[in-house]
Each structure stands twice: as structure tokens, then as C-alpha cells.
Amino acid sequence: MSGIGKRNIAVQYAGGNTGVDNNNNGGETGKTAIVCCNGGANLRQGPGLNYQVITPVGKGTTVSIVGQQADWCKVTIPDGRSGYMYIKALQMQ
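Owing to the predicted nature of the structure, the values given are computational and were not obtained by experimental measurement.

Colleague: Sorry, what's going on with the nonpolar core here?
Modeller: Taken as a class, soluble globular proteins show a tendency for nonpolar side chains to be buried jointly. By size, the foremost hydrophobic cluster in this structure holds 15 residues, and its most contacted members are Val63, Val75, Met85 and Leu90. Elements represented by at least two residues in this core include exactly strand E4 (32–35), strand E5 (41–44), strand E7 (62–69), strand E8 (72–76) and strand E10 (90–92). Among all residues touching valine 63, those that are not within four sequence positions of it are Lys31, Thr32, Ala33, Val35, Val75, Thr76, Ile77, Met85 and Leu90.

Written out as C-alpha cells, the structure is:
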């Protein structure tokens, strides 16, 4: 993904949908996604594999999208905890 202009970021979501984030906070902010990996996905403290796992999240769990940083979405899980999940583990609603 590449930046478009000074304040716009091109984003691509699971499933191939694309968009432009005009606020640099993730084009799907305020939307929901479902964890779609068979083994679930890890909620992490930051946007990368080097960040500590907060908790595993099961397949089929609905999460709220709070923002996006590169290939990682900042999400809130049903119990209220927030962290990052790899975008390919999510199916946007």
C-alpha cells in the first residue's frame, strides 16, 4: 500500500476491497469485522508479530475496527480490550 498525497492513505482490506483513508486512521474505522482464520487470531499490543499477545480471539468473533496501521487493524474485542490484529485474519462487514 502506498500513500496518496499528504493526508490520504490507500488501504486494502481482506477480501480485496480497497479504499482511501482521508484521516490516516483506517478506512474502516467504526465498522466491524469477523475473525476468519480457522485457528482464530491473536490480539497484540502493537502492529506487528514482535508485540506481545494480549489474548487469542476465536474464529467467528466480531470485532470493532478502531484504526489501521499498514497491514494491521486496531480493534476492540467484545470484552472491551483493544489491540491489533493482522488484516488478513479479518473479514470486513
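Colleague: What is the right way to read the pairing of E8 from this model?
Modeller: The side chains of a regular strand alternate between the sheet's two faces. Two strands pair when backbone bridges link them, and E7 and E8 are joined in this way by 5 bridges, in the antiparallel orientation. Bridge pairing links isoleucine 65 to valine 75 in E8. Here E7 folds back onto E8, and the loop between the two strands holds 2 residues, one of which, alanine 70, carries a positive phi near 55 degrees. Sheet topology places E8 next to strand E9 (residues 82–86); 5 bridges connect them, and they run antiparallel.

Colleague: Which parts of the structure should I look at to understand the side chain of glutamine 68?
Modeller: If you trace the backbone, glutamine 68 turns up in strand E7. Given the relative accessible area of 14%, glutamine 68 is considered buried. Of note is the side chain of glutamine 68, whose polar atom sits 2.8 Å from the backbone oxygen of alanine 70.

Colleague: What is the right way to look at the pattern of salt bridges in this model?
Modeller: Side chains that differ in charge, positive against negative, can pair when their charged atoms come close. All chains considered together, the criterion is met by 1 salt bridge. Here arginine 81 ties to aspartate 79 by a salt bridge, and the two come within 2.8 Å at their closest N and O atoms.

About the criteria used
Residues numbered from 1 in each chain as written. Predicted model: local features only at pLDDT ≥ 70, side-chain atom pairs only at ≥ 80, totals over all residues. Heavy atoms only, no water. Core = buried A, V, L, I, M, F, W, Y, C linked by side-chain atoms within 4.5 Å. Buried < 20%, exposed > 50% of the residue type's maximum accessible area, 1.4 Å probe, protein only. Helix = DSSP H or I, 4+ residues; strand = E, 2+ residues; numbered from the N terminus. Contact = heavy atoms within 4.5 Å. Pairing = 2+ DSSP bridges. Polar contact = N/O pair within 3.5 Å; in protein donor to acceptor, adjacent residues only side chain to side chain. Salt bridge = Lys/Arg side-chain N within 4 Å of Asp/Glu carboxyl O.

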